[in-house]
Amino acid sequence: MAQFRYQALSATGEAIRGQMDAGSAEEVIGKLQEAGHIPIEAKRADEIEAAGDWTSLFRAKALSAEQIGQFTEQLATLLAAGQPLDRALTILFDLPEAAAARKVIANVRDAVRGGSSLSSALEQQHGVFSRLYVSTVRAGEVGGSLHETLARLAEYLERSRGLRSRVVNALIYPAILVAMISISLLFLLGYVVPQFQQMYEGLGAQLPLLTKIVLGIGNTVRGYWWLLPIVGVLALAWLDRKRRDAAWRRAVDAFMLRRKLLGSLIARLETARLARTVGTLVKNGVPLLQALTIARNVLGNRVLAEAVDVAAEEVKTGSGLAHALAKREVFPRLAVQMVQVGEESGELDSMLLKAADTFDRETAQAMDRFLTALVPALTVLMSIVVGIVILSILTPLYDLTNSIG
């Protein structure tokens, strides 16, 4: 027996969270279904704690984001063609070349053959498939349209992967630029600057305050360079500890959301995720309240996630979704207006998907503009820093030359 933490929806759409001792996640899901609840997630408590460890960022995943997207699209195609789930998984098992990927698909197929639902089988793969992925598949199973759900999920994953790839590719050059200039600056401070200090001491020159500061920094870098990696490791450990603090993470999320440019970008990105997830779930027949409870898990910003929780409570009491989202004033006005139009026209799911497309485009355009301006901004900033160091070192030499002349 092990302890599991679970999330579920009651018959009235209320979110339920708790812990349960059971032999497997499948047993937890079965007990929740027997109680009339809709399971969303069931995981061992020790697995959840291990997932919070920063070292998990460096562990290789059995399936990459691209492989998960291909698996989802291919499975949707096979199911739409009338293939049984067991047969479809057997076909997909032969496609990957990597042994780790084949093992994951084999585990999913064996679990399905053993009587598990596809969502439960995916959930048993130790975090290979995200909470959103499992929740969306489970919603498709409940709505009876699994192949359509998988097709929309594949499209969602492709859009997300495309945006992530665009950002990563655009950040490669700025990252290399910052790394090279930082190394050059450390060399300048740790090796070149102390050489000038010895010369100035020999000449008995009077040094300006800026030069004294730069020389002090240079001596510190030269004498204590070995502290830099230690400070880096300690900083990582501190950030790892703080990111587990819910209050600290919420404060950081709120701070970022209040920033004019960054906050607008985050709000658009998160709104696109929320709209696409809720629209996909509602289109598959999932009730709006349940869709909101599932979709809030895709939001990385805790302030926006709390706003969705409040909106879900408002919807439970009979309020419209647009009115509920507008009360917290954290989501873009355009999104709220599009939701209102969808509610008034009776096509909320379609309007949510259109809103997702709109904010995806706006996010991509804003990201492109930001990244285009980032390189010259970094170049100017680092040039100013290097220029200040060089100027502070050469100014006393210039003064000495003038006095001798």
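None of these values were measured; they are calculated from a predicted model. (Residues numbered from 1 in each chain as written. Predicted model: local features only at pLDDT ≥ 70, side-chain atom pairs only at ≥ 80, totals over all residues. Heavy atoms only, no water.)

*Asks:* So, the nonpolar core: which residues are in play, and what are the values?
*Replies:* Ranked by size, the top nonpolar core spans 69 residues in total, and within it Phe-71, Leu-75, Leu-122, Phe-129 and Tyr-133 carry the most contacts. Not counting chain neighbours up to four residues away, the residues in contact with Tyr-133 comprise Ile-68, Phe-71, Thr-72, Leu-122, Leu-150, Leu-153 and Leu-157. Within the second largest apolar cluster, 12 residues are counted, among which are Ile-181, Leu-265, Leu-371 and Leu-378. (Core = buried A, V, L, I, M, F, W, Y, C linked by side-chain atoms within 4.5 Å. Buried < 20%, exposed > 50% of the residue type's maximum accessible area, 1.4 Å probe, protein only. Contact = heavy atoms within 4.5 Å.)

*Asks:* Now, about the environment of Tyr-6: what can you tell me, with residues and values included?
*Replies:* For Tyr-6, the location among the structural elements is in strand β1 (residues 2-9). In this structure the C-alpha to C-alpha distance between Tyr-6 and Pro-39, which are 33 residues apart in sequence, comes to 7.7 Å. (Helix = DSSP H or I, 4+ residues; strand = E, 2+ residues; numbered from the N terminus.)

*Asks:* Lay out a nonpolar patch on the surface with the relevant residues and their values.
*Replies:* On the surface, Leu-186, Tyr-224, Trp-225, Trp-226, Leu-227, Leu-228, Ile-230, Val-231 and Leu-234 cluster together into a nonpolar patch covering about 910 Å² of accessible area. Here the nonpolar patch gets five residues from one element, more than from any other, and that element is helix α10 (residues 227-243). (Patch = residues over 30% accessible without salt bridge, like charges linked within 9 Å, V, L, I, M, F, W, Y side chains within 5 Å. Areas by Shrake-Rupley, 256 points an atom, 1.4 Å probe, with all protein chains shown as cover. Salt bridge = Lys/Arg side-chain N within 4 Å of Asp/Glu carboxyl O.)

*Asks:* Give a detailed account of the confidence of the model for the protein chain, specifying residues and quantitative values.
*Replies:* On average, the protein chain scores 80 in pLDDT, and the residues at 70 or more come to 90%. Across the protein chain, element-level confidence peaks in helix α16 (residues 333-345) with a mean pLDDT of 90 and bottoms out in helix α2 (residues 45-51) with 50. (pLDDT = per-residue confidence, 0-100.)

*Asks:* So what about helix α11 (residues 246-258)? Which residues, and what values?
*Replies:* Taking 1.5 Å per residue as the helical rise, α11 with its 13 residues ought to reach 18 Å, and the 18 Å between its terminal C-alpha atoms agrees with that figure. Taken together, the buried positions of α11 are Asp-253, Ala-254 and Leu-257. Projected down its long axis, α11 carries its buried residues within an arc of 100 degrees, all on one side. Those residues of α11 that are buried lie in contact with α12 (260-283) and α14 (302-316). Taking the backbone nitrogen of Ala-247 as reference, a side-chain oxygen 3.1 Å away marks Asp-245 as the first, capping residue of α11. (Expected span 1.5 Å × (residues − 1). Arc of directions from axis to C-beta. Polar contact = N/O pair within 3.5 Å; in protein donor to acceptor, adjacent residues only side chain to side chain.)

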